[in-house]
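Listed below, chain by chain, are the residues.
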Amino acid sequence: VVSTQSTGEKMKLKNLMMKVQQYQFERTKESAFIRTERILEAEDIDRVELIQTPEEFNDVNTHFSLYYSSDIIDLQNLAKANATLDGLGTADQCKLSQKRSNYKMCQEKNLGTLVERFGLTARQFAENLSDQYNRHSVEQFTLMPEETAAEFTDKRRFCDEAKVLTGARYMIACQISAEPSVRACVRQAFYERALLTITPTQQGIREVDDPHPYAKFKFIKDKPVKDLTGEEFLKMWGAQKDGFVKLSLSICDRGAKDSYFEEIKMFFYRDEFSKLVQTWNEQRTEALGLALNKMLYPMFEQELIQKLKEEATNHYLSKCKMKLRRWLQMAPYTVENLDESSQVPGIRVLGLYVDLNEKDKPGYGVLINGEGEVEEVITLPYFRYSHRGPSNREFAKGKLADIEKLKDFILEHKPHVIGLPCEGRSLQYQRDLQEVVTALEQQHQIDPIAIELVDPSVAKLYKETNRSKTEFPSYKPEQKMALSICRRLRDPLAEFSQLCNFANDVLNLPWGLLKKFVASERLKECLYEEFMTRVNEVGVDLNFAVEHYHYQSMVQFVCGLGPRKGDALLKLLKQNNENLESRTALVTNFKLGSRVFLNCAGFIRINHARDDSLNTENVQLLDSTRIHPETYIWATKMAIDALEYDDDEEDTNIKQRAIEETMEDPEKLRDLDLDAFAIELERQEYPDKRITLYDIRDELTNRYADKRVPYHALTDEERFYLLSNETPETFKEGIITLCKVIAIARRKPKGDEPDIQRRGMRRMECGN
């Protein structure tokens, strides 16, 4: 992806160039002024308009600073004297231009004249390189380089011919390396041909073994960077940052000739065999080699490292976003034939948590209702222990008592699903619970109750958040974890949103080993983008958010609101102690700005079915859909046309009745010719609205349909990684790992098995 350079920076540079050009023009009018430096041309200024990337901007700016830094200083001094410093250059440019650089010292010794005798200017070489042929031929000077350099010697810095030639080579190397077209050509070649070499440090040799995450990158020699994939380079860069390896880029194999240098030196070369020409060719070749090896290659190496790191980082961030998307797109747990006759409709969830690290702590169960609020808490002191086998009698007796207690609890409250954290001995607890549920189903004919294993990563973070401490100040951490497991089953999106707080707890979710090499703000921005997409896709019920604290974190992601406006709106709704009856009330009653309202209105849901307290006179049925208020008139028109009512613009009752009947029988909308409607809107100077009209029809057919992926249990692979506390990076083929044998399973030999198998045989290939 090519990033466009800031227009403001380009304009600043162009204005500065024009000021310098005007200054040069005024100086040339002075009879005593003789200019030895290069004149700024219109072509140089026009080049600014063609800048598209930061690299191109840097190339043009470097070229400008090299030749015209003295003019910039003169202009700044003149402006200061007139007390009208009119934004001439940035502070960084001022600092660079005031340094007494090596190039400036060579220029003051008039080595520019000697540079001209090399036979080709930097611009001419750049044109040869860009055109890939000798558009400009090298003009050969008549004297040998040493003889020519003799007239430029002095008693200090350039005391002999060799030092003079060194200074001249340095000057022309600077000029060549500053030419934007040379940089563009060499940069492209370096990027295409770059080879990566990685060598371990002493720390890396000591610590990086086969199971180490960086083992794959311990030794690499001359790997083409174009073969790098995904976030591979970020891992390499991370290994270097941790001090295990050193990485470097080059344009050719180590120890081999630079093939690219051999290709381009012919554009700065005179093809004759006389001693004079060959001697000057050596000077030209050395100058070109200096420009490439000491100036351009090191710069492009750092550029390419940053570019590769940025690409790898973007790939890592996209993987994090996809991982979060899989979590957030999971729909709430649903039950077929749900009984809505209870006082609080919705599924009841029972969550259990036992802290395996603290043997003296009891287990806890938390039951929530259909709105996510806690109804009951149960304590199970002995649930962690086993009541089978040679266990402690006291513990076994306590476990049986807990099982009976749990049976009574389930029978009384009838949860639709039971959630367990997928860690440690969860499979054992799942078997125990399954026995309890099966017994209740057989004895009391209750409906089947599913037992789901849940990823506990969100629960572990939620128990430490300020939000949990505010909502449940007296709850123990284990109770908060059980609650979070319940709420994740009920609504994963709302539960994850609670981690988006001032402490940025969402960043502490398992994002992999590379998280520490990515700026927290970038990861946060990436994750918040996904939250905004998913929250606005589902919609937010503000009335529900006011009543239920755990739901309020979703409001910050409504488009147009954000954390500050969302929090202020919730506070205003609470202070007024009234429900939001319509979307337009956001403007009339709560003074929301028109622009903010237009941005957020389509994502704020007024749930008329849930809010019985709403004033029926103010009810707008379309407020319970994703249809934006700006298009209510089109939705109403579609409903009236579908029912073939007379379109009376003044009769609001007909419009409301048409919408209501259409929602009850949406099949009538299928007969509408929406394409013809879109054409009619185009005649009224609206843009193409076909997609919008079809979306309106879908929304009238099924209001705020949940487009999330239906809930599904953890896969076997996901369960394995959660139970083993491993990841695909730490547990994969070829990794040596430590295990502990905790039990041996025996099976009786079959009748047709050989005697050797009856006695038992170890088979290493399968572990049996």
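What this report covers is the structure whose coordinates are included nearby.

Further remarks concern the packing of helix H3 (residues 54-81) against helix H9 (residues 161-178). Running from amino to carboxyl end, H3 crosses H9 at an angle of 150°, the nearest separation of the two axes being 9 Å. Residue-level inspection shows Asp59, His63, Leu66 and Tyr67 of H3 in contact with H9, the latter providing Cys174, Gln175 and Ala178. Of the residues in the contact of H3 with H9, the class split is four nonpolar, two polar and one charged.

Strand E7 (residues 417-421) sits mainly inside the fold: five of its five residues count as buried. Burial along E7 is two-sided: the residues Val417, Gly419 and Pro421 and Ile418 and Leu420 are all buried. Of the strand pairs in this sheet, strand E4 (residues 349-353) and E7 are connected by three bridges, and their pairing is parallel. If you follow Leu350 over to E7, its bridge partner there is Ile418.

Moving on: the sheet that holds strand E3 (residues 245-250). Paired through backbone hydrogen bonds, the strands of a sheet run either parallel or antiparallel to each other. Taking strand neighbours across the sheet as the criterion, the three strands line up as E2-E1-E3 in an open arrangement whose pairing is antiparallel. Of all the strands in the sheet, just strand E2 (220-224) and E3 have a single pairing partner and so form its edges. Looking at each pair of strands side by side, their axes are set apart by 20° on average, direction ignored. Pairing of strand E1 (residues 195-200) with E2, which is carried by three bridges, proceeds in the antiparallel orientation. Along E2, the bridge assignment pairs Leu196 with Lys223. Each of E1, E2 and E3 touches helix H12 (residues 232-241); the most contacted strand, E3, lies at about 125° to it.

Take the packing of aromatic side chains next. Applying the stated criterion across every chain yields a total of 21 aromatic pairs. Centre to centre, the rings of Phe190 and Phe300 are 6.4 Å apart; their planes meet at 50°, and the pair counts as tilted. Here Phe190 is found in helix H10 (residues 180-193), whereas its partner Phe300 is found in helix H14 (residues 275-328), with 110 residues between them in sequence. Its relative accessible area of 1% is what places Phe190 among the buried residues. Both rings, one in Trp327 and one in Trp511, keep their centres 5.5 Å apart while their planes meet at 50°; by these two values the pair is tilted. Remark: Trp511 occurs in the loop between helix H20 (492-497) and helix H21 (520-538) and Trp327 occurs in helix H14; sequence separation between them is 184 residues. Considered together, Trp327 and Trp511 belong to a single accessibility category, that of buried residues. Grouped by ring-pair contacts, the aromatic residues Phe64, Tyr67 and Tyr68 constitute a single cluster. Directly above the aromatic system of Phe383 lies the positively charged group of Lys399, at a separation of 5.0 Å from the ring centroid.

Okay, the environment of Val186 next. Looking at the element boundaries, Val186 is found in helix H10. Here Val186 falls in the buried class, since its relative accessible area comes to 0%. Val186 sits 110 residues away from Leu296 along the chain, and the two C-alpha atoms are 7.8 Å apart. If sequence neighbours within four positions are ignored, Val186 has contacts with Leu129, Tyr260, Leu292, Leu296, Tyr297 and Phe300.

The five strands are arranged E6-E5-E4-E7-E8 in an open sheet whose pairing can be described as mixed. Each having just a single partner strand, strand E6 (374-380) and strand E8 (450-454) make up the two edges of the open sheet. In this sheet, adjacent strand axes meet at a mean angle of 20° when their direction is disregarded. Of the strand pairs in this sheet, E7 and E8 are connected by five bridges, and their pairing is parallel. Bridging across to E8, Pro421 finds its partner in Val454. Packed onto the sheet, helix H15 (residues 393-413) meets E4, strand E5 (363-368), E6 and E7 and runs at close to 165° relative to E6.

Before going further, it helps to spend a moment on unusual backbone geometry. For Lys414, which is not glycine, the phi torsion reads 50° and is therefore positive. Turning to its location among the elements, Lys414 is positioned in the loop between H15 and E7. The phi dihedral of Asn504 is positive, around 55°, even though this residue is not glycine. Overall, the relative accessible area of 16% leaves Asn504 in the buried class.

Right, let's get into the nonpolar core. Judged by nonpolar contacts, the single largest core of 135 residues is most densely connected at Phe233 and Leu542. Sorting elements by how many residues they give to this core places H14 first, with 19 residues. Residues contacting Phe233, with those up to four places away along its chain left out, are Leu196, Leu228, Leu247, Ile305, Leu308, Lys309 and Ala312. By size, the runner-up hydrophobic cluster in this structure holds 24 residues, among which are Ile627, Ala642, Leu672 and Ile696.

To continue, consider helix H23 (residues 562-576). Relative to the 21 Å expected for 15 residues at 1.5 Å per residue, H23 spans 21 Å between its end C-alpha atoms, a close match to the ideal helical length. If you follow the buried residues of H23, they end up packed against helix H22 (542-547) and helix H24 (585-588). Just downstream of H23 lies Asn577, where phi reads positive at about 50°.

Bringing a negative patch on the surface into the picture now. Taken together, Glu375, Glu376, Asp408 and Glu412 make up a surface patch of like negative charges. Among the elements of the structure, E6 and H15 are those that each provide at least two residues to the negative patch. Tracing the backbone through its elements, the reader meets Glu376 in strand E6. We classify Glu376 as partly exposed; its relative accessible area is 34%.

With that settled, consider the pairing of E1. A large share of E1 lies buried, amounting to five of its six residues. Sheet analysis places E1 next to E3, joined by six bridges and oriented antiparallel. Note that in E3 the partner of Thr199 across the bridge is Lys246.

The rules behind each value
- Residues numbered from 1 in each chain as written.
- Predicted model: local features only at pLDDT ≥ 70, side-chain atom pairs only at ≥ 80, totals over all residues.
- Heavy atoms only, no water.
- Axes fitted to C-alpha atoms, helices over the stretch in contact; angles between N-to-C directions.
- Helix = DSSP H or I, 4+ residues; strand = E, 2+ residues; numbered from the N terminus.
- Contact = heavy atoms within 4.5 Å.
- Nonpolar A, V, L, I, M, F, W, Y, C, P; charged D, E, K, R; others polar.
- Buried < 20%, exposed > 50% of the residue type's maximum accessible area, 1.4 Å probe, protein only.
- Pairing = 2+ DSSP bridges.
- Phe/Tyr/Trp six-rings, centres within 6.5 Å; stacked < 30°, edge-to-face > 60°.
- Lys NZ or Arg CZ within 6 Å of the ring centre and 35° of its normal.
- Core = buried A, V, L, I, M, F, W, Y, C linked by side-chain atoms within 4.5 Å.
- Expected span 1.5 Å × (residues − 1).
- Patch = residues over 30% accessible without salt bridge, like charges linked within 9 Å, V, L, I, M, F, W, Y side chains within 5 Å.
- Areas by Shrake-Rupley, 256 points an atom, 1.4 Å probe, with all protein chains shown as cover.
- Salt bridge = Lys/Arg side-chain N within 4 Å of Asp/Glu carboxyl O.
- Lys, Arg positive; Asp, Glu negative; His and termini not counted.
- Charge placed at Lys NZ, Arg CZ, Asp CG, Glu CD.

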